[in-house]
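# A look at the structure
One letter stands for each residue in the lines below.
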Amino acid sequence: MFTRTVLTTALLSLAFLAGTADAARAPTGFEGHWSGTLVSASDEAAGAELSLDSYGCYALSIKTDRGIETGFFEVKDGRVLLKNSGGSVLRVLERREDGKLHELTAEGKPLEGKPADCCSLYKD
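All figures in this text were calculated on a predicted structure; none of them were measured in a lab.

## Comments concerning the state of the cysteines
Under the defined criterion, the tally for this structure stands at 1 disulfide. The side chain of C118 participates in a disulfide bridge whose partner is C119; the two sulfur atoms lie 1.9 Å from each other. Taking the sign of the torsion about the S-S bond as the criterion, the disulfide between C118 and C119, at about 100°, is right-handed. Each member of the pair, C118 as well as C119, carries the same accessibility label: buried.

## Examining unusual backbone geometry
Positive phi, normally seen in glycine, also occurs at D43, with a value near 60°. Mapped onto the fold, D43 is located in the loop between β1 (32-39) and β2 (45-52). Judged by its relative accessible area of 60%, D43 falls in the exposed class. Of note, D77 is a non-glycine position whose phi angle comes to about 55°, a positive value. Tracing the chain through its elements places D77 in the loop between β4 (69-76) and β5 (79-83). For D77, a relative accessible area of 74% corresponds to the exposed category.

## A look at the packing of aromatic side chains
Two aromatic rings are characterised by how far apart their centres lie and by the angle between their planes. The tally for this structure, following the rule as stated, stands at 0 aromatic pairs. The aromatic ring of F73 is capped on one face by R25, whose charged end is 4.8 Å from the ring centroid. R95 extends its terminal NZ or CZ atom over the ring of F30, reaching a point 4.2 Å from the ring centre.

## Here we look at the pairing of strand β6 (residues 89-95)
The pairing of β5 with β6 spans 5 bridges and is classified as antiparallel. Paired with L82 across the two strands is R91, which belongs to β6. Linking two consecutive strands that pair antiparallel, namely β5 and β6, is a turn of 5 residues; a positive phi of about 95° is found at G87 within it. Between the antiparallel neighbours β6 and strand β7 (residues 101-104) lie 5 residues, among them G99 with a positive phi of about 85°.

Definitions and limits used
Residues numbered from 1 in each chain as written. Predicted model: local features only at pLDDT ≥ 70, side-chain atom pairs only at ≥ 80, totals over all residues. Heavy atoms only, no water. Disulfide = S-S within 2.5 Å. Buried < 20%, exposed > 50% of the residue type's maximum accessible area, 1.4 Å probe, protein only. Helix = DSSP H or I, 4+ residues; strand = E, 2+ residues; numbered from the N terminus. Phe/Tyr/Trp six-rings, centres within 6.5 Å; stacked < 30°, edge-to-face > 60°. Lys NZ or Arg CZ within 6 Å of the ring centre and 35° of its normal. Pairing = 2+ DSSP bridges.

Here it is, written out as C-alpha cells:
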C-alpha cells in the first residue's frame, strides 16, 4: 500500500511539473495500476509496480532498484512506450492475449535470455 501511495504522489508531482494538471487525455485502456515482474537494473527478475495516469505520465517501481522511475507514456500499435522527459524510449510493454503487459527491449524486440518467471505485469 505504501508503494502505491508513493507512486500516486510521484505521478501527481510529474503531472504538475509537466504543466498538464488540467489537460487529461483520451483514455487508452492502459491507465491504472499494474503489478508483476520486470528486469531490474542488474538484469534480474524483480517485483515491479507500474502506474499509468490519464495525463500520460507513469511511475515505475522495481523493488530491487533504488527510487522510482517517472516519465511519460505513449500507446502505439498496442504497445506502451515508457519515455523519459527528453522523449527517449526507456521500456516497451506489449499487451498480449492473456491481458498482461509483457516487457520487450527498448527497441521493441523480444527479451533474450530473460530470467525465469519474468517479465510481465497484470492489471490490479
